[in-house]
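Report on the structure
Here are the chains, one letter per residue:
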Amino acid sequence: MISPSFMLCMTQHVGRSLMFKRKEFEIIRSRLMEPRHFIQVVLGPRQVGKTTTIRQVLATLGKPSLYFSADDVRDAGPQWLSRCWETARIEASRNPDKEIILIIDEVQKVPNWSEVVKKEWDSDSWNERPIKVLLLGSSRALLMAGLSESLMGRFEEIRMTHWSYAEMHEAFGMELDEFMFYGGYPGPAFLLPAEEERWKNTVRNAMVDATIQRDILEDNRIAHAALLRRTLELGIEYSGQILSLTKLLGELQDRGNVSTIAGYLEKLNQSGLLGTLSKYSNDSARQRASIPKLQVHNNALFAAFCRKTFDEARSDPIFWGRCVESAVGAYLLSQSYRKRFEVMYWREGSDEVDFVLRIHGKLIALEVKSNFEKRSRGLDKFCEKFSPYRSLIVGSGGLSLETFFSMDPEELAA
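This write-up is about the structure you can find in this document. (Residues numbered from 1 in each chain as written. Predicted model: local features only at pLDDT ≥ 70, side-chain atom pairs only at ≥ 80, totals over all residues. Heavy atoms only, no water.)

**Remarks on the packing of helix α3 (residues 24-33) against helix α4 (residues 50-61)**
Definition in use: The axes are straight lines fitted to the C-alpha atoms, using for helices just the contacting stretch, and the angles between their N-to-C directions are given from 0 to 180°. Secondary structure counts use DSSP, requiring at least four H or I residues in a row for a helix and at least two E residues in a row for a strand, with both numbered from the N terminus. Here the angle decides the label: under 35 degrees means roughly parallel, over 145 means roughly antiparallel, 65 to 115 means roughly perpendicular, and every other value means oblique. Crossing handedness: left-handed means the near helix sits turned counterclockwise from the far one by under a right angle, and right-handed means the same turn made clockwise. In what follows, residue pairs with any heavy atoms lying within 4.5 Å of each other are defined as contacts. Three categories are distinguished: nonpolar for Ala, Val, Leu, Ile, Met, Phe, Trp, Tyr, Cys and Pro, charged for Asp, Glu, Lys and Arg, and polar for the others, with Gly belonging to the last.
The N-to-C vectors of α3 and α4 enclose an angle of 45°; their axes lie 9 Å apart at closest approach. Taken as axis vectors, α3 and α4 run oblique relative to one another. The hand of the α3/α4 crossing is right-handed. Residue-level inspection shows Glu24, Phe25, Ile28, Arg29, Leu32 and Met33 of α3 in contact with α4, the latter providing Thr53, Ile54, Gln56, Val57, Thr60 and Leu61. Of the residues that constitute the contact of α3 with α4, the class distribution is 7 nonpolar, 3 polar and 2 charged.

**So, the pairing of strand β4 (residues 131-137)**
Filter applied, for reference: Only protein chains enter the calculation, and the probe is 1.4 Å; a residue is then buried if its accessible area is under 20% of its type maximum, exposed if over 50%, and partly exposed in between. Strand pairing requires that DSSP identify at least two bridges connecting the strands. Crossovers are marked right-handed if the path from the first strand over the helix to the second runs clockwise, as seen with the strands pointing away from the viewer.
Taken across its 7 residues, β4 has 7 buried, putting it largely inside the fold. Where burial is concerned, the two faces of β4 agree: the one with Ile131, Val133, Leu135 and Gly137 and the one with Lys132, Leu134 and Leu136 are both buried. Of the pairings in the sheet, the one linking strand β1 (residues 39-43) to β4 comprises 4 bridges and is parallel in character. Bridge pairing links glutamine 40 to leucine 134 in β4. As defined by bridge partners, strand β3 (residues 100-105) adjoins β4 across 6 bridges and the pair is classed as parallel. Following the sheet pairing, isoleucine 100 is matched in β4 by isoleucine 131. In this region the chain leaves β3, passes through helix α6 (residues 113-126) and returns to the parallel neighbour β4; the handedness of that crossover is right-handed.

**As for helix α8 (residues 165-172)**
Note that an α-helix has 3.6 residues per turn; residues three or four places apart therefore point the same way. Convention followed: Here the arc refers to the directions that run from the helix axis out to each C-beta atom.
For α8, the full list of buried residues reads Tyr165, Glu167, Met168, Ala171 and Phe172. Looking straight down α8, one finds that the buried residues subtend no more than 165° of arc, so they occupy a single side. Positioned one or two residues after α8, glycine 173 has a phi angle of 75°, which is positive.

**A few points about helix α11 (residues 225-237)**
Applied cut-off: To estimate the expected span of a helix, subtract one from its residue number and multiply by 1.5 Å.
When the terminal C-alpha atoms of α11 are compared, their 19 Å separation across 13 residues agrees well with the 18 Å that a helix rising 1.5 Å per residue should span. Leu227, Leu228, Thr231, Leu232, Leu234, Gly235 and Ile236 are the residues of α11 that are buried. Residues of α11 that are buried sit in contact with α10 (196-217), α12 (245-252), α13 (258-270), β6 (274-279), β7 (293-296) and α15 (299-304).

Structure representation (structure tokens):
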């Protein structure tokens, strides 16, 4: 059943969630207090609190700021971006004793944005204008392409990702089982537990559909948008499972080929929705060519697209085991983006290891257990073959799920 503490906290969600500050708050604040050295680039999926965190930081600095979003402008082009800069320069001239903070959200939507940013930033640097710049974006691929093309040496990254169990517990009072099912989207959390179906609709419409429309379809030529959507839905259904692209294509029963599906999966991964894990191998070529393991970035997607309620899922041991493994994978995938480590799986015959991590060059093998019946022979076989730095069972009979979701994965390599 839904915990009483969760129900109580949901009635107080507005004030608490607005006051809650993510870890990135202090990082961004400290960098904006430093002398002007670099453009600060905040990357992360939609609905994880990038803009909210920026607003919280600005409220503590007392410096003039200007916020522009390419999401709010139809066909925002290079000239629009330059006008944003000119507006900031006017503000700077009217406040000569103060630094101006220029924030541009979803900057990757502007064609050739990195060239414009380089030109304007270098002009400000040459003329010693006190304009500090924050760029925000939700499409990793488009942002990173622009940064690597024109802005090398001029920026620092701050990566934000989905909310962790510790954050959802502190901000909303979520207990562990609730987090493993509902995941880490703060926006619609106030709907829980009373309006679970409404919560599911919000995640599907406001989170998933908005990401597909704004971060994929608007910025890419997609021949079959319906096939992309169906690929995502089927991938979510199979989260935590190993599935060849050929079999996935057969399940879709639609036009397309393996290359098309692979391309769609890459776009879904770059948008922070659905990722794929490679099979661990000492041979990097074999690893890249391996059958993928599908994995949502946020287990809220797994819950939002399933037909079960929280109580129904919790009372079904087999389904709950899938939910727990998907939640563990979502946490690892999310943290790997922020901390920059690798997440893989391993399988040989009937032997399998749920997750293989490479953190700071160290190999760590993890087997997830939601009950004592699941065997761990695969973990033993993996250790015999690869001698990992550490091998652990997460869940029943091993490291508790509570401890795992409360820790930084980098601690596993300590």
